[in-house]
Amino acid sequence: MLVADLTELKKLRSDLLKVGERVKDKPALLDSAGKYMTLTEIPLVFREQGPGWKASRRGGKTLRDTGALAASIVYSVEGDTLTVGSNLPYAPIHNFGGTITGKGKFLAIPDDSLSKAEKKNFDLRAWKNTWVKPSGNGYTVYQKGARDQVRIIAHLVHSVDIPQRKFLDFGTRALDAISRRWTKLVMEGK
């Protein structure tokens with residue numbers, strides 16, 4: 001006589017029901033993707049200097065000098081939507097690129113020859129003994145210093161083009177890793 005052990009079949013049915021429930025838990029899946037992006041993928045992009053980021057004209061570590069931008073990346077899950085981003089006002093121009101145009105007539109760009117301390121919180125109005133001469137697509141600002149030494153302190157331009165330096169990127173590497181995480185979450189509940 002054939003006797004069937006239904007214990008394994010019942011366990012399989014129970015496991016399949018659990019998998020089905022985990023697949024329905026979209027917030028948990030999206031939370032997993034958000035954690036991966038903010039804790040692994042985006043920090044990796046910053047460490048690797050981004051995929052093809054153009055070097056900063058001013059030197060330093062492109063988009064990493066202070067670490068503020070990388071540290072500002074957060075995520076949220078609301079319903080069926082995952083949002084990953086930064087609240088810093090300069091984040092979009094760096095991620096997407098674009099043109100910055102002066103609010104007045106010109107943007108004041110500190111000259112490369114200035115020290116880091118002089119460039120920090122640069123305000124052209126605070127500089128004394130200065131004059132301006134036309135040059136290229138704007139003006140060059142000069143300063144007369146000690147012993148009548150003259151140096152360039154800034155350039156006045158109508159606009160500046162900021163190249164795209166994409167750091168919020170759900171690229172192939174990220175999507176593959178998220179897929180692996182979701183498979184583990186759905187199949188093993190981990």
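The coordinates are above.
Nothing here was measured: the structure is a model prediction, and the numbers come from that model. (Residues numbered from 1 in each chain as written. Predicted model: local features only at pLDDT ≥ 70, side-chain atom pairs only at ≥ 80, totals over all residues. Heavy atoms only, no water.)

## Here's the deal with unusual backbone geometry
Not every positive phi belongs to a glycine, and asparagine 121 is a case in point at roughly 55°. With respect to the helices and strands, the residue asparagine 121 is situated in the loop between helix H5 (116-119) and strand E5 (130-135). Positive phi is not limited to glycine here, since aspartate 148 has a value of about 60°. Looking at where aspartate 148 falls in the secondary structure, it is placed in the loop between strand E6 (138-144) and strand E7 (150-157). (Helix = DSSP H or I, 4+ residues; strand = E, 2+ residues; numbered from the N terminus.)

## Some thoughts on the environment of valine 77
Inspection of the secondary structure assignment puts valine 77 in strand E1 (residues 74-78). Exposure remark for valine 77: the relative accessible area of 26% places this residue in the partly exposed category. C-alpha separation for the pair valine 77 and glycine 34, spaced 43 residues apart in sequence, amounts to 7.9 Å. Once residues lying within four places of it in the same chain are set aside, the contact partners of valine 77 are Pro27, Leu30, Asp31 and Leu82. (Buried < 20%, exposed > 50% of the residue type's maximum accessible area, 1.4 Å probe, protein only. Contact = heavy atoms within 4.5 Å.)

## Description of helix H6 (residues 172-188)
Across its 17 residues, H6 extends 24 Å between first and last C-alpha, which sits within 8% of the 24 Å expected from 1.5 Å per residue. Turning to H6, its buried residues number three or more, namely Ala174, Ala177, Ile178, Leu185 and Val186. For H6, the buried positions fall inside an angular range of 165° around the axis, keeping them on one side. Turned more than 90 degrees away from the buried face of H6 sit Thr172, Arg180 and Met187, all of them exposed. (Expected span 1.5 Å × (residues − 1). Arc of directions from axis to C-beta.)

## Details of the nonpolar core
In terms of nonpolar packing, the biggest core is built from 16 residues, with Met37, Phe46 and Phe167 touching the most fellow members. Breaking this core down by element, the ones donating at least two residues are helix H2 (26-47) and H6. With six residues, H2 is the largest single contributor of residues to this core. Excluding residues within four positions of it along the chain, phenylalanine 46 makes contact with Trp53, Leu63, Arg64, Leu69, Ala70 and Phe167. Residues Phe122, Val141, Ala154 and Leu156 belong to the second largest nonpolar core, which totals seven residues. (Core = buried A, V, L, I, M, F, W, Y, C linked by side-chain atoms within 4.5 Å.)

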